[in-house]
Amino acid sequence: MNTFLQRVEERTGVLFNEEQMAAIQHEEGPALVLACPGSGKTTTMITRLARLIEERHVAPQRLLAISFSKAAALALGEKFTQFFPHLPKPQFATIHRLAFHITRHYFAKYEIAYQLIESNQAPITKQQLLKKSYEMVMRLSATDDVVQELETHITLLKNKMVPVERWKEVEGPFERAGDIAYQYEQLKRQSSPRLIDFDDMLEIGEQALREDAQIRQHYASLYDFIATDESQDTSLVQFKLIEHLLVNHQNLFVVADDDQSIYMW
């Protein structure tokens, strides 16, 4: 057994099986780890990150571990510190945090003023704008349940990267949902400053990396190894955003349970 793994087992009491040891010792190139809940996927991932720091001497800031919720990202960082208190932590981030940094960079470069409508400082909330869009199309007031259905529908459209000009063609949760979603998008884009929500950050971040070679190279050059946890919850736009960061290498370590994907439900 690798001496690093022996030390980890002795210090933590965790016993790694052959498959976990193979994953931890994986070097460069893509890797996919599929396993059921409670099988030690996350432990395997953070142990590999620690090995890259301790054995390969990879600078921790060159390691990016992405999760898909703030709570999960915090838990990853806490578990890494618990297992490896002597090592500096890699970069643990949510996909939305990463997308926000890219979006902010993109807007600053092209001098586009914007306002996040999902913040305490927003002049109008996302729910208020959805209600306004509903009333403009339907000539009726929207209930909270309808607003929730619209919000979910728009999130799916953006995560599936459906072009906005096709939104009216996509079947929605109720009649003319596509028209209302389209109206909502137009109100945001035509506003000054431009209004954006969390879903927009993913879409704009991916667009920035795809269309602007300078921005793409800037972010791709920041990381030598990227890992994604709970990857079964990755949508198309999230996957594309991460894919753009791999233009200099293919060092992507994917941890997932494919039976638990939220996009299959």
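Model, not experiment: these values are computed from the prediction. (Residues numbered from 1 in each chain as written. Predicted model: local features only at pLDDT ≥ 70, side-chain atom pairs only at ≥ 80, totals over all residues. Heavy atoms only, no water.)

Asker: What exactly am I supposed to notice about the side chain of Thr228 here?
Answerer: Positionally, Thr228 belongs in strand S6 (residues 225-228). Overall, Thr228 belongs to the buried group, its relative accessible area being 5%. In this structure Thr228 touches Met45, Ile66, Ile242, Leu252, Phe253, Val254 and Val255, once residues within four positions along its chain are discounted. (Helix = DSSP H or I, 4+ residues; strand = E, 2+ residues; numbered from the N terminus. Buried < 20%, exposed > 50% of the residue type's maximum accessible area, 1.4 Å probe, protein only. Contact = heavy atoms within 4.5 Å.)

Asker: Before we go on, may I ask you to explain the sheet that holds strand S3 (residues 91-94) in this structure?
Answerer: Backbone-to-backbone hydrogen bonds pair the strands of a sheet. The strands run either parallel or antiparallel. On the basis of which strands lie adjacent, the open sheet formed by five strands has the order S1-S7-S6-S2-S3 and parallel pairing. In the strand order of this sheet, the two ends are held by strand S1 (31-34) and S3, each with one partner. Shown here is a sheet whose adjacent strand axes are inclined to one another by a mean of 15 degrees, direction ignored. Sheet topology places strand S2 (residues 63-67) next to S6; four bridges connect them, and they run parallel. What sits directly across from Leu63, in S6, is Phe225. In the packing of helix H4 (residues 70-83) onto the sheet, contacts are made with S2 and S3, and the angle to S3 comes to roughly 165 degrees. Of the strands in this sheet, S2 and S3 touch helix H5 (residues 95-109), which is tilted by about 90 degrees from S3. (Pairing = 2+ DSSP bridges. Axes fitted to C-alpha atoms, helices over the stretch in contact; angles between N-to-C directions.)

Asker: Can you help me understand unusual backbone geometry in this one?
Answerer: Glycine aside, the phi torsion of most residues is negative, and most peptide linkages are trans. The peptide bond linking Ser192 to Pro193 adopts the cis configuration, its omega dihedral lying at 0 degrees. Secondary-structure assignment places Pro193 in the loop between helix H8 (177-190) and strand S5 (194-196). One non-glycine residue with positive phi stands out, namely Arg139, at about 60 degrees. Looking at where Arg139 falls in the secondary structure, it is placed in the loop between helix H6 (126-138) and helix H7 (144-159). For Arg139, a relative accessible area of 70% corresponds to the exposed category. Phi is positive for Met161, close to 60 degrees, though the residue is something other than glycine. Structurally, Met161 can be placed in the loop between H7 and H8.

Asker: Explain the pairing of strand S7 (residues 252-256) here, please?
Answerer: Each regular strand shows side chains that alternate between the opposite faces of the sheet. Counting buried positions along S7 gives five out of five residues, so the element sits mostly inside the fold. Of the two faces of S7, the one lined by Leu252, Val254 and Ala256 and the one lined by Phe253 and Val255 are each fully buried. Examined bridge by bridge, S1 and S7 share four bridges and lie parallel to one another. When the sheet's bridge partners are listed, Leu32 is paired in S7 with Val254. Pairing of S6 with S7, which is carried by three bridges, proceeds in the parallel orientation. Counterpart to Ala227 in the pairing with S7 is Phe253. Once you follow S6 into helix H11 (residues 236-244) and on to S7, the crossover reads as right-handed. (Right-handed = clockwise from strand over helix to strand, strands pointing away.)

In short, the description is geometric, and any link to function would need to be established separately.
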